[in-house]
2 protein chains.
Amino acid sequence: MSQMQNVERQLREMILGLEIGPGERLTERWIESRFGASRTPVRAALLRLETEGLICRDGRGWTVSPINLAELEQIAVYREAVEVAALRLTCALEDRSAVDVIEAMLDSCDAATPREEWHRIGMDFHIELARLSGNEFLFRAVRDAMTRLSRARWLEIRDEAALGRAWAEHHAILAAVRAGDADEAARRLSAHIVGSRDRLVASLHNDRRGLRARGFAVVAA
Amino acid sequence: MSQMQNVERQLREMILGLEIGPGERLTERWIESRFGASRTPVRAALLRLETEGLICRDGRGWTVSPINLAELEQIAVYREAVEVAALRLTCALEDRSAVDVIEAMLDSCDAATPREEWHRIGMDFHIELARLSGNEFLFRAVRDAMTRLSRARWLEIRDEAALGRAWAEHHAILAAVRAGDADEAARRLSAHIVGSRDRLVASLHNDRRGLRARGFAVVAA
DNA sequence: GATACCAATTTGGGATACCAATTTGGTATC
DNA sequence: GATACCAAATTGGTATCCCAAATTGGTATC
């Protein structure tokens, strides 16, 4: 694999994994030495990550994007639009058997599953569901939105019950899709997204002292 | 302005203005000499234009994205999702007086207005309408979708009547927004987008021989 | 002690040199 | 004439160098 893709992938993982905190400043030369690459692939990676919203310009330099509560709320509205549209397309498909694969994905999580796995699968549920629609633009929109949400969702203080509730909502959505009931599926998906947003924003808001203490920049709504 | 932004802007204009045809191959060194810049800003521009969908990788090199009829149809579905969502947000606003500015924009076009201006304003109508929603993600989605559609819309064979019909639909949408009738506005916007797509795809399909003759790559649906 | 100011360092933007892989054009062979 | 093959040119990927601007740290002045 090329250096360019390497740096991009590794840097993205460090940002999404919060090894580099939200709000932290980045210098091209630090990245260069950190990954043993020269500045050309580093710059390519930075440009890509900027379009993903993971980093942003800070005057002349670069900053890891802060957690922005206002942005999280806007993303929820955006998600509702694109995910519901994708879901309706999927419900209109002749062959909706692919939902079984997604259901199996959900069911692969149990009490012994590490938290990272729940986190990843919780996002992949939405991404893969959007992929089923067959619309590349809706799919990419959902995938990009989930990428932007990833860090905030990871920071979210989640109790066991909240995860169980989310999974139950996921299952209910799939059931409606399998039945071909687009309106019901859309209703449940909308409610799920709005509920997720509310819990997410509330959690981050309540814990913003803790986050600041860890050096994470959190921008209020 | 920096070279990087300069190259990006000029190259984008050449692609959107069809000075470089869809499907044409690009080499970094040609761009370099064409704009008198070195490869560093050229590469930055290429990476940005790739994310906009205006160019795409072609093995090791770069190609101006072909006109893709299947993509145009998918974009219409995407647009319907995000534009309608944005429109509903706008209809829910207390102060919807900003639609007057958009209406004035439409009204600035008359028989003496050059075709480029009609083209640009026809896109800006949708972009500015989405901006009113206040949701940055919906706005960017619409703006990016219109950018991707730009070349195809320019190639579209449009008669006077089609333009008049489009403008009438624009006005009707604004009227519904001003009245705060979200359902009516959404219905009209959906119909407008679907109708535009049908006319666009049909036009390009009918003229695909002419387009090929001009050296433009057109990928069938 | 606060502040204005200057030198040294750092940083991103740009240019260029080098390399490996691919493409290209021609040539020799059958 | 077709084809296999090789050398030269081209091209994108990478590393490195230079530069202007911005930041920084210390110092002299009040």
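Small disclaimer: the values here were computed from a predicted structure and weren't measured.

**Q** Explanation requested: helix α2 (residues 28-35) of chain A in the structure shown.
**A** Side chains of residues three or four places apart in an α-helix project in the same direction, reflecting 3.6 residues per turn. All names here are of chain A. Among the residues making up α2, those that are buried are E28, I31 and F35. In an axial view of α2, the angular spread of the buried residues amounts to 65 degrees, which keeps them on one side of the axis. Seen from the open side of α2, the exposed residues pointing more than 90 degrees away from its buried face are R29 and S33. Of the surrounding secondary structure, the elements contacted by the buried residues of α2 are α1 (3-16), β1 (25-26), α3 (39-51) and β3 (61-64). Phi turns positive one or two residues past the end of α2, at G36, with a value near 65 degrees.

**Q** What am I meant to see in the interface of chain A and chain B here?
**A** Think of interface size as the accessible area that goes away when the parts come together; that is how it is often given. Listed as interface residues are 25 residues of chain A and, on the opposing side, 25 residues of chain B. Of the roughly 2000 Å² buried at the junction of chain A and chain B (both faces included), carbon and sulfur atoms supply 65%. Considering only the surface of chain A that becomes buried against chain B, Q74(A), Y78(A) and F137(A) emerge as the three largest contributors, covering 31% of it. Taken together, the connections running from chain A to chain B amount to two salt bridges. Among the salt bridges present, the one from R48(B) reaches E50(A), with a minimum N-O distance of 2.6 Å. Of all the elements in the fold, those that place two or more residues in the side of chain A that touches chain B are α3, α4 (69-91) and α7 (136-155) of chain A. Taken together, the residues of the side of chain A that touches chain B break down into 13 nonpolar, five polar and seven charged.

**Q** Mind showing me how you'd approach the packing of aromatic side chains here?
**A** Geometrically, a pair of aromatic rings is defined through the distance of the ring centres and the angle of the planes. For the coordinates displayed, the defined rule picks out four aromatic pairs over all chains. Directly above the aromatic system of F35(A) lies the positively charged group of R34(A), at a separation of 5.3 Å from the ring centroid.

**Q** Sorry if this is basic, but what is going on with unusual backbone geometry here?
**A** Leaving glycine aside, a negative phi is the common case for residues, and trans is the common case for peptide bonds. Residues and elements named next belong to chain A. Of note, L18 is a non-glycine position whose phi angle comes to about 60 degrees, a positive value. Take L18: it is sitting in the loop between α1 and β1. In this structure L18 comes out as buried when scored by relative accessible area, which is 9%.

**Q** For this particular structure, what's the right way to read the protein's contact with DNA strand D?
**A** The local shell around DNA strand D holds 19 residues, among which Q3(A), S38(A), R29(B), R39(B) and R60(B) are the closest. A share of 46% of the atoms of DNA strand D within 4 Å of the protein falls on sugar and phosphate groups. Contact distances for DNA strand D include 2.9 Å between a phosphate oxygen and a side-chain N or O atom of R43(B). Take R57(B): an N or O atom from its side chain is 3.2 Å from a phosphate oxygen of DNA strand D. Going through the elements one at a time, α1 and α3 of chain A together with α2 (28-35) and α3 (39-51) of chain B are the ones with two or more residues in the surface near DNA strand D. Considered class by class, the residues forming the surface near DNA strand D number four nonpolar, six polar and nine charged.

**Q** Help me understand the relation of the copies chain A and chain B in this model?
**A** Relating one copy of the chain to the other requires a rotation about an axis plus a shift along that axis. For the match of chain A to chain B, the screw axis carries a shift of 0.0 Å, the RMSD comes to 0.0 Å, and the turn is 180 degrees. Both copies are brought into coincidence by an operation consistent with a two-fold rotation axis. Of every C-alpha in chain A, the one belonging to A81(A) sits nearest the axis of rotation, 2.8 Å from it. Same-surface contact between copies: 96% of interface residues of chain A are shared with the interface of chain B.

**Q** It is not clear to me how the packing of helix α5 (residues 99-107) of chain A against helix α6 (residues 115-132) of chain A should be interpreted in this structure. Could you clarify?
**A** In a packed pair of helices, the relevant descriptors are the angle between the two axes and the axis-to-axis distance. All names here are of chain A. Put simply, α5 and α6 touch, their axes get as near as 10 Å, and they point 180 degrees apart. Judged on the interaxial angle alone, α6 and α5 are roughly antiparallel. In contact with V99, I102, M105 and L106 of α5, α6 contributes I121, D124, F125, E128, L129 and L132. In terms of residue class, the contact of α5 with α6 is made up of eight nonpolar, no polar and two charged.

**Q** How should I be thinking about the protein's contact with DNA strand C in this particular structure?
**A** By nearness alone, 19 residues border DNA strand C, and R29(A), R60(A), Q3(B), S38(B) and T40(B) come closest of all. Here DNA strand C approaches the protein such that, of its atoms within 4 Å, sugar and phosphate make up 44%. The side chain of R29(A) places a nitrogen or oxygen atom 2.3 Å from a base nitrogen of DNA strand C. Residue R60(A) places a side-chain N or O atom 2.5 Å away from a base oxygen belonging to DNA strand C. At the level of elements, α2 and α3 of chain A together with α1 (3-16) and α3 of chain B are the ones that each hand at least two residues to the surface near DNA strand C. The element that contributes the greatest number of residues to the surface near DNA strand C is α3(B), accounting for three residues.

**Q** Would you mind showing me how to read the environment of G195(B) here?
**A** Residues and elements named next belong to chain B. As for its placement among the helices and strands, G195 is situated in helix α9 (residues 182-206). Residue G195 is classed as buried on the basis of its relative accessible area of 16%. Between the C-alpha atom of G195 and that of L211, which follows or precedes it by 16 residues, the distance is 22 Å.

**Q** What's the story with the side chain of E8(A) in this structure? I'm lost.
**A** Residue position: E8(A) is located in helix α1. In contact with E8(A), not counting residues within four places along its chain, are A45(A), R48(A), L49(A) and E52(A).

**Q** Looking at this structure, I do not really get the pairing of strand β3 (residues 61-64) of chain B. What am I missing?
**A** Successive side chains on a regular strand alternate, one facing one side of the sheet and the next facing the other. Residue and element names in this part refer to chain B. Alternating residues of β3 divide into G61 and T63 and W62 and V64, and every residue in both groups is buried. Where strand β2 (residues 55-58) meets β3, four bridges bridge the pair, whose relative direction is antiparallel. Across the sheet, C56 pairs through a bridge with T63, a residue of β3.

Each value, and the rule that gives it
- Residues numbered from 1 in each chain as written.
- Chains lettered and ligands numbered in written order.
- Predicted model: local features only at pLDDT ≥ 70, side-chain atom pairs only at ≥ 80, totals over all residues.
- Heavy atoms only, no water.
- Buried < 20%, exposed > 50% of the residue type's maximum accessible area, 1.4 Å probe, protein only.
- Helix = DSSP H or I, 4+ residues; strand = E, 2+ residues; numbered from the N terminus.
- Arc of directions from axis to C-beta.
- Contact = heavy atoms within 4.5 Å.
- Buried area = accessible area lost by both parts, 1.4 Å probe.
- Salt bridge = Lys/Arg side-chain N within 4 Å of Asp/Glu carboxyl O.
- Nonpolar A, V, L, I, M, F, W, Y, C, P; charged D, E, K, R; others polar.
- Phe/Tyr/Trp six-rings, centres within 6.5 Å; stacked < 30°, edge-to-face > 60°.
- Lys NZ or Arg CZ within 6 Å of the ring centre and 35° of its normal.
- Near = heavy atom within 4 Å.
- Polar contact = N/O pair within 3.5 Å; in protein donor to acceptor, adjacent residues only side chain to side chain.
- Least-squares fit on C-alpha atoms with pLDDT ≥ 70 in both.
- Axes fitted to C-alpha atoms, helices over the stretch in contact; angles between N-to-C directions.
- Parallel < 35°, antiparallel > 145°, perpendicular 65-115°, else oblique.
- Pairing = 2+ DSSP bridges.

So, to be careful, I would describe these as geometric facts and stop short of saying anything about function.
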